[in-house]
2 protein chains.
Amino acid sequence: VNSEDRFVAGLRALLPGGRPVLVGPGDDAAVLERAPGLLVATTDMVVEGVDFLPAEDPERLGRRAAAVNLSDLAAMGAEPEALLLAIGFRRERGPDYPLAITRGAAARGGEFGARLVGGDLSDAPLTIVTIALWGRPVGRPLTRSGAKPGDAVYLSGRPGEAAAGLVLARRLAAFAEQGAGPTPRFPGLTVHDEKELLAAYRDPEPRIALGAALSRDELATACIDVSDGVGVDAGRLAGASGVRLVLERHRLPVTPALRSFGELESKDPLDLLLSGGDDYELLFTAPSGGSERVEAAGAALGIRLSRVGRVEAGSGAVLEEAGGIRDIAALGYDHFRRAS
Amino acid sequence: VNSEDRFVAGLRALLPGGRPVLVGPGDDAAVLERAPGLLVATTDMVVEGVDFLPAEDPERLGRRAAAVNLSDLAAMGAEPEALLLAIGFRRERGPDYPLAITRGAAARGGEFGARLVGGDLSDAPLTIVTIALWGRPVGRPLTRSGAKPGDAVYLSGRPGEAAAGLVLARRLAAFAEQGAGPTPRFPGLTVHDEKELLAAYRDPEPRIALGAALSRDELATACIDVSDGVGVDAGRLAGASGVRLVLERHRLPVTPALRSFGELESKDPLDLLLSGGDDYELLFTAPSGGSERVEAAGAALGIRLSRVGRVEAGSGAVLEEAGGIRDIAALGYDHFRRAS
C-alpha cells in the first residue's frame, strides 16, 4: 500500500463520518451538504522557521494552523463549518507526523463546529501547513470598512502576549540546545506568567463567539483580527474604512505578565503589543454610545474588552501619548520581511 | 504601505468584482453568495523542487496549480465555483512573482468558471502554492467506489505524455545551464512532439467537461483523476470499489510523441504511462454495454477516450500482456518517496 493511502486510512479512522459529509477523505474531493446562504471563506499558510519553530510539536502546530484560520472567520462574524488541510513535510519525519498535525487541526476546528473534510500530503524539504476554512455569517458580515468618525475602538483579550511568548519560546529552545535540560525555565518570570505568555503564542484562542456576538447584535461597525501587530492591523482597518484610528496609550491593556516580561527584557511592553503579531485578538470599532452593550457582550462571554481609542476623520493609525502622537501603521509585521 | 497590502492592491486590480462575490481579497475572509446544494471541495499543494522545477515560469506555475485542483473536481463530475490561493515564496523573487502566480491561477480557474476570492502570502525559503477549490456536482457525484465486475475501464486523452514532458523539461533545463542557449532543443524529437510532451506536463487540461458529462448522463460507475500514474490510481479505484482492474496492454493509448520519446530514451513508453503521474486524465469505469454512449460523449467533446480494460471480482490492479499479468498498483508515484 502506498504511504499516502496509509495516511488516508489513518485519517478516516480519526475523523467521524456522517452528515453533512457525504464523501470524506480518500476520494478526489469531499462532498458535503450545505444549507443555502452566504459562504465566508479564508486560507492561511504557515511555514517552518517563519511562522513556527522547527521543533514545534506537530499536534500543537495543527491546532495553531487551525486557530489562525478560525480567527479570520471570527473577524467576519462567521460560524465555521468545514476545513481542508494540506501538509508538506520531510519524509524522515515519518507517517505519524502529518497525522499528529491533522489530529490537532481537526480537534481545534471541531471545538468551533468545523469538520475536517479533506486534505493533501506533499513531500517538502520543510514543514508547511495550509488550511482553507469556510463557514457562514451569523448576521451581516463584519468587514474592515465600516468604521466611522466618532466610533470607539476596542481590543479583545491580551494583545502582545503572543509576541512575548514567541521570544520566550525561542529563548527556551536555545537554552535547551545549550544543554539546560528538556524543560528549562526563563529566569525571573513566575511559572504562571511564563505559562500564560507561552500559551498565548502556542495556542491562541480564536474569538469566534465574540465575532458572532458583534455581528448578530450589530454591535461593531468594523472588525479585523490582529495577526500582524495592533499597529499595522489598526492601519489596515483605518485604510479600508477611510478613517483615522487614534489609540490612547494609557488605555492599551498591558497585562502583568507582559509587563514583567518587558521589564526583564528592558523592552517597552507596548512595542510588543503594537508591532508583535500572532495575537489573533479582535480589533473593532463601535458607535461610542454603544459601549455599555459592548461591555455587556464581553462580560457575557468572559472576554476582556478594552476601549483603546477613537475613530476620527482622516487616514492612518496613530498612538496618542504624553509626548504627542506617533504613526503606528507601519510598525507591524510585514510578511515579506519576516525572515530577513 | 506594507508589502502584503501592496499585493492585495495588485490583486484587486487583477480580479473582477461583483456578484456572487460580496467581499473579495483584502478583508479577513471572502464572502460570496451560493445557491443551495452540495458542495464539492478539494485542496492541493505544489512544492518547488518536488512538483515543479525551480526555474518554472510563475504564471505557468499558477495555471498548473489551478489545473491540479480543477482535475479533482473533474473527477467528481463537479462544476468549479471559487478558489482560494496561498503562496509561500522567497522575498528576493520580488512582488511581481506572487502576482504572476496569481494571474495564472485566476486565469486558469476562470476558464472553468471558478472565481479567485481570496488568498494568503507567506515568506518561505522556497516556493509553495496551495489552492483550495470548490464547486457543485452537476449530477450524482462520481466517486471512486462504484465500479462493478463486468464494467469496462476507460482512460481519457494522452496519459504518459506529462511524465515524458517532465523528463524533457529537466533535460532542457540542464542543457540551458550547460550554456546551450536559452531555448535548447531535445535531439531527435520533432518540434511538434517536443511541444506536445512539454505542454502535457506544463499546462495539463482539466477534464471538467468530460467529468460533467459522465456524471450528468450517468455514464460512469466510478472515476479518478490520474495524478500519480495510471498504475497506482487504478489500484486506488479498485481498492475503493472492492474490485480488480485488469488493463490490457494492447489497448493502452501510446501516442506517436510518447513512442518517439521512449525510443530515444530506450524506455518502454508504457512505463511512463503506468508509473509516470501528473497526467490529470480521467480513469473511469462504465457498464460494458454502454460503450457507444461513452464514445459518443468523448466524440462530442473532442476528447479521445480509450477503452483500456475491464473490471473483475477480486482486488488490485494488473496489466495483462503477452507474457501473463503483472501487478501495477504499486508502480505509481508515492508522495512520501518523491524527493528521495
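For the structure, check the block above.
Residues numbered from 1 in each chain as written. Chains lettered and ligands numbered in written order. Predicted model: local features only at pLDDT ≥ 70, side-chain atom pairs only at ≥ 80, totals over all residues. Heavy atoms only, no water.

## Side note on the sheet that holds strand 11 (residues 305–312) of chain A
Across a sheet, strands are paired by hydrogen bonds formed along the backbone, either parallel or antiparallel in direction.
Residues and elements named next belong to chain A.
Part 1 of the reasoning: Read from one edge of the open sheet, 7 strands run 8-10-7-11-9-12-13, paired in mixed fashion. On the outer flanks of this sheet lie strand 8 (222–226) and strand 13 (324–327), each paired with one strand and no other. Across the sheet, the mean angle separating the axes of adjacent strands is 30 degrees when strand polarity is ignored.
Part 2 of the reasoning: Bridge count for strand 9 (residues 244–248) against strand 12 (residues 316–321) is 5 bridges, and the pairing is parallel. Note on strand 12: the bridge partner recorded for E248 is E320.
Part 3 of the reasoning: Along the sheet face, helix 2 (residues 58–76) touches strand 8 and strand 10 (281–286) and points at about 165 degrees away from the line of strand 8.
Part 4 of the reasoning: The strands that helix 7 (residues 230–241) touches are strand 7 (152–156), strand 8, strand 9, strand 10 and strand 12; relative to strand 8, the one it contacts most, it runs at about 155 degrees. (Pairing = 2+ DSSP bridges. Helix = DSSP H or I, 4+ residues; strand = E, 2+ residues; numbered from the N terminus. Axes fitted to C-alpha atoms, helices over the stretch in contact; angles between N-to-C directions. Contact = heavy atoms within 4.5 Å.)

## Comments concerning the packing of aromatic side chains
Note on aromatic pairs: each is described by the distance of the centres and the angle between the planes.
Residue and element names in this part refer to chain A.
Part 1 of the reasoning: Under the criterion given, the structure shown has 5 aromatic pairs over all chains.
Part 2 of the reasoning: Between the aromatic rings of F89 and Y97, the centroid separation amounts to 6.1 Å while the plane-to-plane angle is 35 degrees, which identifies the pairing as tilted. Side by side, F89 and Y97 carry an identical accessibility label, which is buried. (Phe/Tyr/Trp six-rings, centres within 6.5 Å; stacked < 30°, edge-to-face > 60°. Buried < 20%, exposed > 50% of the residue type's maximum accessible area, 1.4 Å probe, protein only.)

## Here we look at the sheet that holds strand 1 (residues 21–23) of chain A
Part 1 of the reasoning: Pairing in this open sheet of 6 strands is mixed, and the strands run 1(A)-2(A)-3(B)-6(B)-4(B)-5(B) from one edge to the other. Of all the strands in the sheet, just strand 1 of chain A together with strand 5 (115–123) of chain B have a single pairing partner and so form its edges. Each strand axis lies, on average, 25 degrees off the axis of its neighbour in the sheet, ignoring direction.
Part 2 of the reasoning: Two elements, strand 4 (residues 78–89) of chain B and strand 5 of chain B, share 8 bridges in a ladder whose sense is parallel. Counterpart to F89(B) in the pairing with strand 5 of chain B is D123(B).
Part 3 of the reasoning: Seen against the sheet, helix 2 (residues 58–76) of chain B touches strand 1 and strand 2 (30–32) of chain A together with strand 3 (39–47), strand 4 and strand 6 (128–137) of chain B and runs at an angle of roughly 145 degrees to strand 3 of chain B.

## Some details on the relation of the copies chain B and chain A
Part 1 of the reasoning: Note on the identical chains: chain B maps onto chain A by a rotation of 180 degrees and an axial translation of 0.0 Å, with an RMSD of 0.0 Å. When the rotation and shift are considered jointly, the pair of chain copies conforms to a two-fold rotation axis. For chain B, the residue whose C-alpha comes nearest the rotation axis is P36(B), separated from it by 2.1 Å.
Part 2 of the reasoning: Here 100% of the contact residues of chain B are again contact residues in chain A; the copies associate through an equivalent surface. (Least-squares fit on C-alpha atoms with pLDDT ≥ 70 in both.)

## Looking at the interface of chain B and chain A
Part 1 of the reasoning: The interface is formed by 70 residues belonging to chain B together with 70 residues belonging to chain A.
Part 2 of the reasoning: When chain B packs against chain A, the two sides together hide about 5,700 Å² of surface, and 58% of this comes from carbon and sulfur.
Part 3 of the reasoning: For the pair chain B and chain A, the interface holds 4 salt bridges.
Part 4 of the reasoning: For R144(A), the salt bridge identified is with D28(B), shortest N-O distance 3.0 Å.
Part 5 of the reasoning: Connecting chain B to chain A are 17 residue pairs in polar contact (both at pLDDT 80 or more).
Part 6 of the reasoning: Per-element accounting of the side of chain B that touches chain A gives the leading share, 8 residues, to strand 3 of chain B.
Part 7 of the reasoning: Taken together, the residues of the side of chain B that touches chain A break down into 38 nonpolar, 13 polar and 19 charged. (Buried area = accessible area lost by both parts, 1.4 Å probe. Salt bridge = Lys/Arg side-chain N within 4 Å of Asp/Glu carboxyl O. Polar contact = N/O pair within 3.5 Å; in protein donor to acceptor, adjacent residues only side chain to side chain. Nonpolar A, V, L, I, M, F, W, Y, C, P; charged D, E, K, R; others polar.)

## What to know about helix 10 (residues 291–301) of chain A
Residue and element names in this part refer to chain A.
Part 1 of the reasoning: Within helix 10, the full set of buried residues consists of S291, V294, A297 and G298. Looking straight down helix 10, one finds that the buried residues subtend no more than 125 degrees of arc, so they occupy a single side. With respect to the buried face of helix 10, the exposed residues turned more than 90 degrees away are E292, A299 and A300.
Part 2 of the reasoning: Looking at the buried positions of helix 10, the neighbouring elements they touch are strand 7, strand 10 and strand 11.
Part 3 of the reasoning: G302 sits one or two residues past helix 10 and shows a positive phi near 70 degrees. (Arc of directions from axis to C-beta.)

## Observations regarding the pattern of salt bridges
All names here are of chain A.
Part 1 of the reasoning: Evaluation of the coordinates by the stated rule reveals 62 salt bridges over all chains.
Part 2 of the reasoning: Note that R236 and D228 form a salt bridge whose closest N and O atoms lie 2.9 Å from each other. As far as burial versus exposure is concerned, R236 and D228 are alike and both buried.
Part 3 of the reasoning: Here the salt bridges share partners, and the residues they tie into one network are R244, E248, R251, R310, E312 and E320.

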